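Analysis of the macromolecular model
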Amino acid sequence: MKSEIHSGWGLHPRIETRVVRARQADQLVDGHPDASLLIQGARRSYGDACLADRVISTQLLGHLLEFDAERGLIRCEAGITLDVLIAFIAPRGFFLPVTPGTKFPTIGGCVAADVHGKNHHKEGSIGFFVEEIELFLADRSRVCCSREERSELFWATIGGMGLTGAIYAVTLRLKKVENTYMRTRTLKTRNFDELCRHFEETQQEYTYSVAWIDSLANGAHLGRGSLILGEHATADQAPTSKRFKLHSTGGPSVPFFFPSATLNGLTMRLFNTLVYHRQIRQQRDATVHYDPYFYPLDFVRHWNRIYGKRGFLQYQFAVPFDGGRTLMGDILQRIAQRGVASFLTVLKTLGQESGGLLSFPIPGYTLALDIPLRDPSVISFLQDITRLVVRAGGRIYLAKDAILQRADFEAMYPRLPEFKRVKRACDPHNRFRSLQSERLGLT
Ligand SMILES: Cc1cc2nc3c(=O)[nH]c(=O)nc-3n(C[C@H](O)[C@H](O)[C@H](O)COP(=O)(O)OP(=O)(O)OC[C@H]3O[C@@H](n4cnc5c(N)ncnc54)[C@H](O)[C@@H]3O)c2cc1C
């Protein structure tokens, strides 16, 4: 086993870890029944969910196994990344039914986190579209699970953060599209109330929606931002010469870690103000390629390095619609007052739960903030905010988390006892562990 220094996308925490890259399915779980392990995808989760002192990576298990164009089904190995999957399905008239805001995670990692996209309010998380999971359990037995077969294991694995077993392959139902373009409408809003009102008015109409918030604006401008709505373009709306154009791979890369002082209150305020004023009109309509629409951050490789070596926390919570708007306004105000600058703040709405026992989305709002880790006291500040989220019936997203405390976690995931029961049945010696699962007592 090789030793490497690993972190999630937020660059915090970093640990030394022993890594094996599985080359075939039966190497996903090794033959040391007493040794703990964690399956690792592309390490695009932000915190410590993908970290452990002993990991088996799916990086080399990235093959397509079957494709049924008639039924819109694809079966692939867990280590395939979304960009490779899209490169295969898009020219054939299909797209991912759900995609996170980056195309570099693996499909196994996406199922393990039950990821949501900009269409959650209408179409749900990826768990809604998973037909079957092929899994290696702690005792190295290979099993299939689905809604019909071993359904408890299926729903514990979707959103189960790799703690039930090693996902080897996933069968996914795809979305039919007519081209690789999106019709978008961007609405500029003056404050948080206006932003939420626009959200509520457009939810039924648009499949995709996401808002960017200038979290450094204060007073009358608190929560100002842009709501970006989208639909897959129909055949007559796409540029005719290139209906199925794929993204280009080459963008700039951040070659080294920026000094930690680069992102200070001033530079972040400047960035957010520039983004806000980039659009002059209140409303702008456009036809754009899927790549800048779904994956604007992917354009700059290693953009996380601008936070410096100390890294950053992504703090993402969901709150129910009832009372959620007031609570989010309150949280934004506390953040602005404390001078905790969030470089990038994103708001989405969420619809129905998938059935995943530890899945994050609940009907309501979700707010995600990127907070540089210059001052460690920001951790206790966010832990205090978490208590407000718990009291409101909300929860923290495990795929982004590095600081959640066990008591808060237990209070926010009501199906945790069911999850633990399935985990104990399929992994009685708690072989599958992460730094996060140990912190949260997820055994
Ligand atoms: C820029 C950016 C934008 C993002 N936007 C969104 C978003 O909009 N919505 C959203 O939901 N998420 C979003 N994410 C988070 C990301 O989609 C998830 O964290 C996803 O789980 C990462 O997948 P990965 O392959 O990198 O897995 P890793 O980060 O390596 O692992 C994540 C978890 O999955 C488990 N896992 C991975 N592979 C397997 C496997 N084969 N079998 C069993 N368990 C496995 C790991 O053990 C770990 O617990 C974003 C991340 C980034 C960096």
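Residues numbered from 1 in each chain as written. Predicted model: local features only at pLDDT ≥ 70, side-chain atom pairs only at ≥ 80, totals over all residues. Heavy atoms only, no water.

1. So, the overall build of the protein
Test applied: What counts as a helix is a DSSP run of H or I of at least four residues, what counts as a strand is a run of E of at least two, and both are numbered from the N terminus. Only C-alpha atoms enter the radius of gyration, while the globule expectation follows 2.2 Å times N to the 0.38, with N the number of residues. We call a residue buried when its accessible area falls under 20% of the maximum for its residue type, exposed when it is over 50%, and partly exposed in between, using a 1.4 Å probe and counting protein chains only. Contacts were defined at the residue level, with two residues in contact if any of their heavy atoms lie within 4.5 Å. Just so you know, the count uses Lys and Arg for positive and Asp and Glu for negative, and it drops His and the chain ends. Taken as the charge location is NZ of Lys, CZ of Arg, CG of Asp or CD of Glu.
Scanning the protein for helices and strands turns up twelve helices and 19 strands. Scaling as 2.2 N^0.38, a compact globule of 443 residues should have a C-alpha radius of gyration of about 22 Å, and the protein matches this with 21 Å. By its C-alpha atoms, the protein is 60 × 55 × 45 Å across when sized along the principal axes. Counting over 443 residues, the protein shows a buried share of 59%. Across the protein, every contact between residues at least 6 apart in sequence was considered, and the portion connecting residues at least 24 apart equals 74%. On the protein, the mean spot of the 56 positive side-chain charges and the mean spot of the 45 negative ones are 6 Å from each other.

2. Some words on the environment of R391
By the element assignment, R391 lies in helix α9 (residues 378–391). The spacing of R391 and F199 is 192 residues in sequence and 24 Å in space, taken between C-alpha atoms.

3. Concerning the pairing of strand β8 (residues 130–136)
Walk down a regular strand and you will see the side chains alternate between the two sheet faces. Applicable threshold: At least two bridges found by DSSP between two strands is the condition for calling them paired.
The element β8 is largely enclosed, with a buried count of five among its seven residues. Two strands pair when backbone bridges link them, and β8 and strand β10 (residues 166–173) are joined in this way by six bridges, in the antiparallel orientation. Note on β10: the bridge partner recorded for L135 is I167. Pairing of β8 with strand β9 (residues 142–145), which is carried by four bridges, proceeds in the antiparallel orientation. Bridge pairing in β9 links F136 to R142.

4. Observations regarding the sheet that holds strand β16 (residues 312–320)
The test is simple: Note on definitions: angles span 0 to 180 degrees between N-to-C directions of axes, and those axes are lines fitted to C-alpha atoms, for helices only across the stretch in contact.
The eight strands lie next to each other as β15-β12-β14-β13-β17-β18-β16-β19, forming an open sheet whose pairing is antiparallel. One side of each edge strand has no neighbouring strand; the edge strands of this open sheet are β15 (283–289) and β19 (395–396). Relative to strand β18 (residues 364–372), β16 runs antiparallel, the two being bridged by nine bridges. Residue pairing for β18: Q314 is matched across the bridge by D370. Docked against the sheet, α9 engages β16, β18 and β19, running at close to 10° with respect to β16.

5. What about the site of the ligand?
Quick reminder of the rule: The near set for a molecule or strand comprises every residue that places at least one heavy atom within 4 Å of it. N or O atoms within 3.5 Å of each other form a polar contact, as long as, within protein, one can give a hydrogen and the other can take it, and as long as residues adjacent in sequence are counted only when both atoms are side-chain atoms. Where a domain begins and ends is set by an automatic assignment or by a domain database.
Neighbouring the ligand are 35 residues, the closest being I39, R44, S45, T106 and Y397. G101 is positioned with one of its backbone polar atoms (N or O) 3.0 Å from a nitrogen atom of the ligand. T106 places a polar side-chain atom, nitrogen or oxygen, 2.6 Å from an oxygen atom of the ligand. For the shell around the ligand, the elements supplying multiple residues, two or more each, are β3 (38–40), α2 (107–112) and β10. Here the shell around the ligand gathers at least three residues from each of two domains, domain 1 (64–177) and domain 2 (181–403).

6. Re the sheet that holds strand β5 (residues 64–68)
The five strands are arranged β5-β6-β10-β8-β9 in an open sheet whose pairing can be described as antiparallel. What marks the edges here is a single partner per strand, and that holds for β5 and β9. Averaged over neighbouring strand pairs, the angle between their axes works out to 10° when direction is ignored. Across the sheet, helix α1 (residues 82–89) touches β5 and β6 (73–77), and the angle it forms with β6 is around 145°.

7. Some details on the side chain of R395
Relative to the helices and strands, R395 is located in strand β19. Looking at R395, its side chain comes within polar contact range of the main-chain oxygen of M412, at 3.4 Å. In this structure, R395 is in contact with Q316, F317, A318, S359, F360, P361, I362, V389, M412, Y413 and P414, ignoring residues within four places of it in sequence.

8. Examining the domain arrangement of the protein
We apply this condition: For any pair of parts, buried area is found by adding up, for both, the accessible area (1.4 Å probe) each one loses once the two are put together. Just to be clear on terms, a salt bridge is a Lys or Arg side-chain nitrogen sitting within 4 Å of an Asp or Glu carboxyl oxygen.
The domain architecture assigned to the protein consists of domain 1 (64–177) and domain 2 (181–403). Spacing between the C-alpha centres of domain 1 and domain 2 amounts to 24 Å. With 34 residues of domain 1 in contact, the opposing surface of domain 2 contributes 37 residues. Taking both partners together, domain 1 and domain 2 bury about 3,100 Å²; carbon and sulfur atoms supply 62% of that area. Together, H116, K118 and H121 form the three largest contributors to the area buried by domain 1 at its contact with domain 2, with a combined 24%. Inspection of the domain 1/domain 2 interface yields two salt bridges.

9. Digging into helix α11 (residues 416–426)
Convention followed: Taking the helix axis as origin, the arc is that swept by the directions to the C-beta atoms.
Taken residue by residue, α11 has L416, F419, K420, V422, K423 and C426 as its buried positions. Down the axis of α11, the sector holding all buried residues measures 165°, keeping them to one side. In α11, the exposed positions angled more than 90 degrees off the buried face are occupied by P417 and A425. Turning to α11, the residues buried within the fold contact α4 (151–157) and α10 (406–412).

10. Considerations on the packing of helix α5 (residues 192–202) against helix α8 (residues 321–338)
The following threshold applies: In this scheme the handedness of a crossing depends on how the near helix is turned from the far one: anticlockwise by less than a right angle means left-handed, clockwise means right-handed. The nonpolar class holds Ala, Val, Leu, Ile, Met, Phe, Trp, Tyr, Cys and Pro. Asp, Glu, Lys and Arg form the charged class, and all remaining residues, Gly among them, are polar.
Look at α5 against α8: their axes get within 11 Å of each other, and the N-to-C directions meet at 145°. With respect to the hand of their crossing, α5 and α8 are arranged in right-handed fashion. Contacts from F192, D193, C196, R197 and E200 of α5 reach α8 at R325, M328, G329 and L332. Grouping the amino acids of the contact of α5 with α8 by side-chain chemistry returns four nonpolar, one polar and four charged.

11. Section: the pattern of salt bridges
Counted under the stated rule, the structure contains 28 salt bridges. The partner of K103 in a salt bridge is D291, and the shortest N-O contact between them spans 3.2 Å. Highlighted residues: K103 in the loop between β7 (94–95) and α2 and D291 in helix α7 (residues 290–294), separated in sequence by 188 residues. Overall, K103 belongs to the buried group, its relative accessible area being 4%. For D291, a relative accessible area of 13% gives the class buried. We note a salt bridge from D384 to R387, for which the minimum N-O separation is 3.1 Å. Linking D384 with R387, this pair stays in helix α9, spanning three residues, or about one helical turn. Residue class for D384 comes out partly exposed when judged on its relative accessible area of 45%. Owing to a relative accessible area of 32%, R387 belongs among the partly exposed residues under this scheme. Three or more residues are tied together by salt bridges with common partners; here these are E66, R75, E134 and R142.

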